[in-house]
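Residue-level listing of the chains:
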Amino acid sequence: MARGKDILVLDEDPFMHELVSLWLTDAGYAVCDSEALHTLRTEERHSFAVVIADLNSPKVGAAQALQQLQARFPTAYIIAVSGYFQPGPGTGAEMARQLGVDRVLAKPFSCEQLVSAVGGLFHDAEVR
């Protein structure tokens, strides 16, 4: 299934949501407003290339949130973001494997780290 280029940012912190969206838009990506997602009917499916999800939500546990995202957006790459991830060499790939996601980013992260993670996913898709 072909992937679109839209990116969905899910973060309950309005400042982080806006910052991540701005960084991605400035890098040339199309970012969908997560509020618009709520207006879509359940049977409507929007194809996102990437979903960036903050796993610090107090409403839903991380495992449950990831399962819901993978079920709703089965073709999307998922980047999990959390302040609880331990930054460091080699830890990101192992954490992603354990969570069943494509990339992880430990907060705080820079614009360069975010854009590199997203760009790497698109590059990997082109190589396949």
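These numbers come from a predicted model, not from an experiment.

Visitor: Outline the packing of aromatic side chains, listing residues and values.
Guide: Across all of its chains, the model carries three aromatic pairs by this definition. Consider the rings of W23 and F109, whose centres lie 6.2 Å apart with planes at 65 degrees: the pair is edge-to-face. Pair noted here: W23 is in helix α1 (residues 14-26) and F109 is in the loop between β5 (103-106) and α5 (111-127), with a separation of 86 residues, a long-range link. On the numbers, 5.3 Å between centres and 75 degrees between planes, the contact of F48 with F73 is edge-to-face. A residue pair is termed long-range when its members are at least 10 positions apart, and F48 in the loop between α2 (34-37) and β3 (50-54) and F73 in the loop between α3 (62-72) and β4 (77-82) qualify at 25 residues. Take F48 and F73: they sit in the same class, and that class is buried.

Visitor: Run through the sheet that holds β3, naming residues and quoting values.
Guide: Pairing is parallel across the open sheet formed by five strands, whose spatial order is β2-β1-β3-β4-β5. For this open sheet the edge positions go to β2 (30-32) and β5, each flanked by a neighbour on one side alone. Ignoring strand direction, the axes of neighbouring strands in this sheet form an average angle of 25 degrees. Packing of α1 onto the sheet brings it into contact with β1 (6-10), β2 and β3, and relative to β1 it is tilted by some 160 degrees. The sheet strands contacting α3 are β1, β3 and β4, and the helix crosses β4 at an angle near 160 degrees.

Visitor: Give a detailed account of the nonpolar core, specifying residues and quantitative values.
Guide: By size, the foremost hydrophobic cluster in this structure holds 20 residues, and its most contacted members are L24, V50, I52, I79, L114 and V118. Mapped onto this core, the elements with two or more residues apiece are β1, α1, β3, β4 and α5. If one sorts the elements of this core by residue count, α5 sits on top with five residues. If we ignore the near neighbours within four places in the chain, the residues touching V118 are I7, L24, Y29, I52 and I79.

Visitor: Explain α3 residue by residue, including any values.
Guide: Within α3, the full set of buried residues consists of A65, L66 and L69. Each buried residue of α3 sits inside an arc of 95 degrees when the element is viewed along its axis, so together they form one side. Facing away from the buried side of α3, by more than 90 degrees, are the exposed residues A63, Q67 and A71.

Visitor: Residues and numbers for the UniProt feature "modified residue: 4-aspartylphosphate" (unreviewed entry) in the chain, please.
Guide: Following the UniProt record, the feature "modified residue: 4-aspartylphosphate" (unreviewed entry) maps to D54 here. Within the secondary structure, D54 is located in strand β3. With residues near it in sequence (within four places) discarded, D54 still touches L10, D11, V81, S82 and K107.

Criteria and cut-off values
Residues numbered from 1 in each chain as written. Predicted model: local features only at pLDDT ≥ 70, side-chain atom pairs only at ≥ 80, totals over all residues. Heavy atoms only, no water. Phe/Tyr/Trp six-rings, centres within 6.5 Å; stacked < 30°, edge-to-face > 60°. Helix = DSSP H or I, 4+ residues; strand = E, 2+ residues; numbered from the N terminus. Buried < 20%, exposed > 50% of the residue type's maximum accessible area, 1.4 Å probe, protein only. Pairing = 2+ DSSP bridges. Axes fitted to C-alpha atoms, helices over the stretch in contact; angles between N-to-C directions. Contact = heavy atoms within 4.5 Å. Core = buried A, V, L, I, M, F, W, Y, C linked by side-chain atoms within 4.5 Å. Arc of directions from axis to C-beta. UniProt positions renumbered as here; feature names shortened; annotations may be inferred.

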